[in-house]
Number of protein chains: 2
Amino acid sequence: MSKVIPRYKAIRAHLEQGIRERRWCPGERLPTEMALAQEFGVSRMTANKAVQELVAEGVLVRHQGLGTFIAEVRAESPLVGIRNISDEIQERGHVYSSRLLELSEVAVPAELAAQLGMVAGAPVFLSRIVHQENGVPIQYEARYVNPLHAPGYLDQDYRQQTPNQYLSGLFPLPDVEHVVEAVRVDVEIEALLQLEPGEPCLLLHRRTWSGSKLISYARLLHPGSRYRLSSRAAGGGGASAPR
Amino acid sequence: MSKVIPRYKAIRAHLEQGIRERRWCPGERLPTEMALAQEFGVSRMTANKAVQELVAEGVLVRHQGLGTFIAEVRAESPLVGIRNISDEIQERGHVYSSRLLELSEVAVPAELAAQLGMVAGAPVFLSRIVHQENGVPIQYEARYVNPLHAPGYLDQDYRQQTPNQYLSGLFPLPDVEHVVEAVRVDVEIEALLQLEPGEPCLLLHRRTWSGSKLISYARLLHPGSRYRLSSRAAGGGGASAPR
DNA sequence: GTCTCGTAAATGTATATACAAATATATACA
DNA sequence: TGTATATATTTGTATATACATTTACGAGAC
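Here the residue numbers are simple positions, counted from 1 along each chain's written sequence. Both sets of labels track the order of writing: A upward for chains, 1 upward for ligands. Two thresholds apply to this predicted model, a pLDDT of at least 70 for residue-level local features and 80 or more for giving and counting side-chain atom pairs, whereas whole-chain, interface and lining totals are computed over all residues. In computing side-chain properties, one takes all heavy atoms of the structure into account and sets aside hydrogens as well as water.

## Some thoughts on helix H1 (residues 7–20) of chain B
All names here are of chain B. Numbering of helices and strands runs from the N terminus, with a helix taken as a DSSP run of H or I at least four residues long and a strand as a DSSP run of E at least two residues long. The span one expects for a helix is its residue count, reduced by one, times 1.5 Å. For H1, spanning 14 residues, the distance from its first C-alpha to its last is 20 Å, which sits close to the expected 20 Å at 1.5 Å a residue. Categorising residues by exposure relies on relative accessible area from a 1.4 Å probe, with only protein chains included: less than 20% of the type maximum marks a residue as buried, more than 50% marks it as exposed, and the intermediate range marks it as partly exposed. Where H1 is concerned, the buried positions are Tyr8, Ile11, Arg12, His14, Leu15, Glu16, Gly18 and Ile19. Contacts: residue pairs with any heavy atoms within 4.5 Å of one another. On its buried face, H1 sits against helix H2 (33–40), helix H3 (44–56), strand E1 (60–63) and strand E2 (67–70). Just downstream of H1 lies Arg22, where phi reads positive at about 55°.

## Digging into the packing of helix H2 (residues 33–40) of chain A against helix H3 (residues 44–56) of chain A
Residue and element names in this part refer to chain A. Packing of H2 against H3 leaves a shortest axis separation of 8 Å and a crossing angle of 110°. Judged by the inter-axis angle, H2 sits roughly perpendicular to H3. The hand of the H2/H3 crossing is right-handed. Contacts between H2 and H3 pair Glu33, Met34, Leu36 and Ala37 from the former with Arg44, Ala47, Asn48 and Val51 from the latter. The axes are straight lines fitted to the C-alpha atoms, using for helices just the contacting stretch, and the angles between their N-to-C directions are given from 0 to 180°. We call two directions roughly parallel when the angle between them is under 35 degrees, roughly antiparallel when it is over 145, roughly perpendicular when it lies between 65 and 115, and oblique otherwise. Take the far helix as your reference; a near helix turned counterclockwise from it by less than a right angle gives a left-handed crossing, and one turned clockwise gives a right-handed crossing.

## Quick notes on the packing of H1(B) against H2(B)
Residues and elements named next belong to chain B. Here H1 crosses H2 at 115°, and the two axes come no closer than 11 Å. Considering their axes alone, H1 and H2 lie roughly perpendicular with respect to each other. In the crossing of H1 with H2, the sense of the turn from one axis to the other is right-handed. Here H1 contributes Ala10, Ile11, His14 and Leu15 to the contact with H2, which in turn contributes Leu36, Glu39 and Phe40. In this classification, the charged set is Asp, Glu, Lys and Arg, the nonpolar set is Ala, Val, Leu, Ile, Met, Phe, Trp, Tyr, Cys and Pro, and all remaining amino acids, among them Gly, are polar. Of the residues that constitute the contact of H1 with H2, the class distribution is five nonpolar, one polar and one charged.

## Overview of the packing of aromatic side chains
Two rings from Phe, Tyr or Trp (for Trp, the six-membered ring) form a pair when their centres are within 6.5 Å of each other. A pair whose planes differ by under 30 degrees is stacked, one over 60 is edge-to-face, and the rest are tilted. Within the structure shown, the criterion is met by 10 aromatic pairs over all chains. Judged by centre distance (6.5 Å) and plane angle (20°), the ring pair of A:Tyr144 and A:Tyr217 falls under stacked. One end of the pair, A:Tyr144, is in strand E5 (residues 136–145); the other, A:Tyr217, is in strand E8 (residues 213–223), with 73 residues separating them in the sequence. Of the two residues, A:Tyr144 and A:Tyr217, both sit in the buried class. Every member of this aromatic cluster is reached through a ring pair, and the members are A:Phe125, A:Tyr153, A:Tyr158 and A:Tyr166. Just above the ring of B:Tyr8 sits the side chain of B:Lys49; from NZ or CZ to the centre is 4.8 Å. Each ring is checked for a lysine NZ or an arginine CZ that lies within 6 Å of its centre and within 35 degrees of its normal; such an atom marks a charge sitting over the ring.

## Some points on the side chain of A:Asn84
With respect to the helices and strands, A:Asn84 occurs in the loop between strand E2 (67–70) and helix H4 (85–91). Leaving out residues up to four positions away in the same chain, A:Asn84 has contacts with A:Thr162, A:Asn164 and A:Gln165.

## Thoughts on the confidence of the model for chain A
Residues and elements named next belong to chain A. As a per-residue quantity, pLDDT reports the predictor's confidence and falls between 0 and 100. Per-chain confidence: chain A averages 89 in pLDDT, with 91% of residues scoring 70 or above. Predicted confidence is poor over residues 75–79, with pLDDT under 50, and the contacts of this stretch with residues over four places away or in other chains come to 15 contacts. Contacts of residues 235–243 to residues separated by more than four positions or lying in other chains number 29 contacts, the stretch itself having pLDDT below 50.

## Quick notes on the sheet that holds E5(A)
Pairing between strands is defined by DSSP: at least two bridges between them are needed. Spatially, the seven strands line up as an open sheet ordered E3(A)-E4(A)-E5(A)-E8(A)-E7(A)-E6(A)-E9(B), and their pairing is antiparallel. Because the sheet does not close on itself, it has two edges, and the strands there are strand E3 (96–107) of chain A together with strand E9 (229–232) of chain B. Geometrically, the sheet is characterised by an average inter-axis angle of 15° between neighbouring strands, direction not taken into account. Helix H6 (residues 163–170) of chain A contacts strand E4 (123–133), E5, strand E7 (201–210) and E8 of chain A of the sheet and is inclined by roughly 45° relative to E5(A).

## Considering the protein's contact with DNA strand C
When we say a residue is near a molecule or strand, we mean one of its heavy atoms is within 4 Å of it. Contacts to DNA strand C come from 26 residues, most closely from A:Arg7, A:Thr46, A:Gln64, B:Arg44 and B:Arg62. If you look at DNA strand C and keep only atoms within 4 Å of the protein, 67% of those are sugar or phosphate atoms. The term polar contact refers here to a pair of N or O atoms within 3.5 Å; inside protein, the definition further demands a hydrogen-donor-capable atom paired with an acceptor-capable atom, and it admits residues adjacent in sequence only when both atoms are side-chain atoms. In this structure, A:Arg7 approaches DNA strand C through a main-chain N or O atom, which is 2.4 Å from a phosphate oxygen. A distance of 3.2 Å separates a phosphate oxygen of DNA strand C from a polar atom in the side chain of B:Gln52. For the surface near DNA strand C, the element with the most residues is H3(A), which contributes four residues. By residue class, the composition of the surface near DNA strand C is seven nonpolar, 12 polar and seven charged.

## Things to note about the protein's contact with DNA strand D
Lining the immediate environment of DNA strand D, one finds 26 residues, of which A:Arg44, A:Arg62, B:Arg7, B:Thr46 and B:Gln64 sit closest. Protein-proximal atoms of DNA strand D, defined as those within 4 Å of the protein, fall in sugar or phosphate at a share of 67%. Between DNA strand D and A:Thr68, the relevant distance is 3.2 Å, taken from a phosphate oxygen to a side-chain nitrogen or oxygen of the residue. Looking at the surface near DNA strand D, the elements with two or more residues in it are H3, strand E1 (60–63) and E2 of chain A together with H1 and H3 of chain B. A per-element tally of the surface near DNA strand D places H3(B) first, with four residues. When its residues are assigned to classes, the surface near DNA strand D shows seven nonpolar, 12 polar and seven charged.

Structure (structure tokens):
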């Protein structure tokens, strides 16, 4: 049962190997679709499919009329997948639980008004939750939600589903922005996350849009000693340029 | 000058909008390629192109013989682009400079042997550099390099190019693994990065492979108060920015 | 009732072709 | 010399078609 490998995959592999072996210098033009098609004895559209895959992954860039080149900067090079915390915990085979600290309508704090695209003092829904992995705090979540877009936000039971899960159901295919930083936290958070004194935290800011509507802004705090973001991706900071 | 929009883009947009409007429930089958083709009056291959784009981005999944479905978990949705620090600084229009602290051959520390895939005590190249943005320390880099794969590593001038740039030139299209965490640092690093006492740091572990060969392992430390990783999925962004 | 097999449906791969659009280069002209 | 124009090259989009592959489902044999 030798598996049949599609021919465009062979062309794709040939291109990837060629890049690794530096068969083409940065700025140099790679073979045209026609050249690849003839070399491999396939039609132009088959060669096109191989090239397009690498373009989609940010490995190559093409310019109409010019040719195909190695991408100078990978579009979405190394990536850190950030998922729903409860999914993440359950995928590790651990027990997820949570503590709901607050669920209320508050006035937008001045320092968050810009983030939320609202005027300071406007009403906004706020939920504060500690997420736990095997009973150990792993994330403190403070989420601000635009009441216009999610009017039922306060009526949910966030022991059954996380706010993120609720909002994902309301707004599929959101645009998401993440900012990651390392911070110190105050004593309240220190207690909630059961941190050692002075222990740093990984802070994720997460904003989600649906179309042009800003749905919510969340501050997600993880104990530095108990949490990491990680990822492995193909392709990285190669330096090459057309022209 | 009304721009001509390719027809497959219209189909793609139609599918995305349909997902946002929850026209199809999770688990439900989306229209087949033939159905889309007839609905839009195009050939099946044109509809295929639209669907394939969304599959490549992890929005949809397809099963031969079954149909097309909304992806339960976005394969690699939110992403944090991590690039070469000097490129990043120069793109911000700032001045990049660096301080070379060390460039030598050392024995693999026991705690890093596993990371490097080497036995403890084996010889390894080590470079330690402080990268500066407008003269202000922004990254401390400690990089361990396999001497078998990059024998000329110690002979480079790392004021002219960063170790990452040198290695990227040697090994295009690497596989890259990142781990991000928040840590406290010792007084040496505190002084090198000009940190306030007790200021947390964002620590990036970066390992790069070429094929199956592990090329290098780098620990990249950023001042928590001066550095963030950020990204926006399905939009611009995709870089790091200081405050 | 259970198993096997055929068929329908849907996606996966591949071809040959055609024309559009963008780019660089060569050419003609003032 | 400088500028406009034509041309060749290359990628972008689109079609119509063909056959392969996977899956579910139902019909028929036992």
